[in-house]
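Coordinates in review
If you want the building blocks of each chain, they are given just below.
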Amino acid sequence: MKAPLYVGLVHYPMYDKNFNIVATAVTNYDLHDISRSSKTFGVKKYFIIHHVEGQLDMIHKILAFWRSKVGRNYNSYRTEAFDIVETLLDTDAVIKAVEEVEGCRPYVVTTDARTYADTISYKELRALGETGDRPILLLFGTGYGMTEEMMKKFDYILEPVYGPGEYNHLSVRSAVAIILDRLAGEAWWK
């Protein structure tokens, strides 16, 4: 992929299982696993998007340990993956941060396990990334996904990841790894 690639994990506004709008909690696995997948597939920055002070404090404590000399000595691969992690309060701040680095607004692509009428396929998004004309920011939801209003306010909605059956409830960590492989992984089919 020629276009710079960014990932954001959004925690608000999200749906809970009853479709109430909530702020979701950060999980340690999301920090570790998504940063490792992001680093593996060449993501420039992995943004953890949260506005709750207690959640941000926990994130910063985890990052501080792994970025410290003790953490770096214990597992330098983990530290290297965390070097691309940054916390910001909302998606507007993330878009602005990418614009400042890249000099233009990114294509903002939301993801969901649900289908929308105006989705973009993996093939189309990968081709868009190959042109390299604008960076791509992939936004992943937590809980039961981003609100519909949030989904529709950006440039594209990426098609869901489907398995062979009807069950479709991947962890966000798994979805990120699959999607990054589809968009930025080796073109094994060529």
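Structure: above.
For the structure given in this document, a descriptive report is provided here. All values derive from a computational prediction rather than experimental measurement.

Under the counting rule described, the total for this entry stands at 11 salt bridges. A salt bridge links Arg-72 to Asp-83, with the shortest nitrogen-to-oxygen separation between them at 4.0 Å. Residue Arg-72 is found in helix H3 (residues 69-74), and its partner Asp-83 is found in the loop between helix H4 (76-82) and strand E5 (85-88); the two are separated by 11 residues along the sequence. Residue classification places Arg-72 among the partly exposed positions, given a relative accessible area of 37%. Taking the shortest distance from any N to any O, the salt bridge between Lys-152 and Glu-148 comes out at 3.4 Å. Taken as a pair, Lys-152 and Glu-148 lie in helix H7 (residues 148-152) at a separation of 4 residues, close to a single helical turn. Taken together, the shared-partner salt bridges in this structure form one network comprising Asp-30, Asp-33, Arg-36 and Arg-173.

Attention now moves to the side chain of His-32. As for its placement among the helices and strands, His-32 is situated in helix H1 (residues 28-40). With relative accessibility at 8%, the residue His-32 sits in the buried group. In contact with His-32, not counting residues within four places along its chain, are Ile-62, Trp-66, Arg-78 and Phe-82.

The next point concerns the environment of Lys-123. Checked against the element boundaries, Lys-123 lands in helix H6 (residues 122-131). For the pair Lys-123 and Ala-23, spaced 100 residues apart in sequence, the C-alpha to C-alpha distance is 32 Å.

Considering the arrangement of structural elements, one finds Lys-190 in the segment after helix H8 (172-184). Look at Lys-190 and you get exposed, because its relative accessible area is 81%. Counting along the chain gives 103 residues from Lys-190 to Thr-87, while the straight-line C-alpha distance between them is 37 Å.

A word on helix H2 (residues 53-67). In an α-helix, one turn spans 3.6 residues; hence positions three or four apart end up facing the same way. Compared with an ideal rise of 1.5 Å per residue, which puts 15 residues at 21 Å, H2 spans 21 Å between its outermost C-alpha atoms and is within 8% of the ideal. Residues Gln-55, Leu-56, Ile-59, Ile-62, Leu-63 and Trp-66 constitute the buried set of H2. For H2, the angular spread of the buried residues around the axis is 125°, confining them to a single face. Exposed and oriented more than 90 degrees from the buried face of H2 are Glu-53 and Lys-61. Summarising the contacts, the buried residues of H2 are in contact with H1, strand E4 (45-49), H3, H4 and E5.

Here we come to the sheet that holds strand E6 (residues 107-111). An order of E5-E4-E1-E8-E6-E9-E7 is seen for the 7 strands of this open sheet, with the pairing classed as parallel. A single partner strand is all that each edge strand has here, and the edge strands are E5 and strand E7 (119-120). Each of E4 and E5 touches H2; the most contacted strand, E5, lies at about 160° to it.

Here the focus is the packing of H1 against H8. The description of two helices packed together rests on the angle between their axes and the distance between the axes. Direction vectors running N to C along H1 and H8 enclose 5°, while the axes themselves pass 9 Å from each other. Between H1 and H8, the angle falls in the class roughly parallel. On the side of H1, the interface is formed by Tyr-29, Asp-30, Asp-33, Ile-34, Ser-37 and Ser-38, while H8 contributes Val-172, Arg-173, Val-176, Ala-177 and Leu-180.

Considering soluble globular proteins, one finds that nonpolar side chains tend to be buried as a cluster. One finds Tyr-46, Leu-125, Ile-136, Leu-138, Phe-140, Leu-158 and Ile-179 to be the most contacted residues of the largest nonpolar core, which totals 34 residues. Those elements that place two or more of their residues in this core are strand E1 (5-10), H1, E4, H2, E6, H6, strand E8 (136-141) and H8. Not counting residues within four places of it along the chain, the set of residues in contact with Phe-140 comprises Val-7, Gly-8, Leu-9, Val-10, Thr-111, Met-146, Val-172, Ala-175, Val-176 and Ile-179. Counting 19 residues, the second-largest nonpolar core is a separate cluster that includes Ile-49, Ile-95, Met-151 and Phe-154.

A cis amide bond, omega 0°, links Tyr-12 with the succeeding residue Pro-13. Structurally, the position occupied by Pro-13 is in the loop between E1 and strand E2 (14-15). You will see that Phe-19, though not glycine, has its phi angle at about 65°, which is positive.

About the criteria used
Residues numbered from 1 in each chain as written. Predicted model: local features only at pLDDT ≥ 70, side-chain atom pairs only at ≥ 80, totals over all residues. Heavy atoms only, no water. Salt bridge = Lys/Arg side-chain N within 4 Å of Asp/Glu carboxyl O. Helix = DSSP H or I, 4+ residues; strand = E, 2+ residues; numbered from the N terminus. Buried < 20%, exposed > 50% of the residue type's maximum accessible area, 1.4 Å probe, protein only. Contact = heavy atoms within 4.5 Å. Expected span 1.5 Å × (residues − 1). Arc of directions from axis to C-beta. Pairing = 2+ DSSP bridges. Axes fitted to C-alpha atoms, helices over the stretch in contact; angles between N-to-C directions. Parallel < 35°, antiparallel > 145°, perpendicular 65-115°, else oblique. Core = buried A, V, L, I, M, F, W, Y, C linked by side-chain atoms within 4.5 Å.

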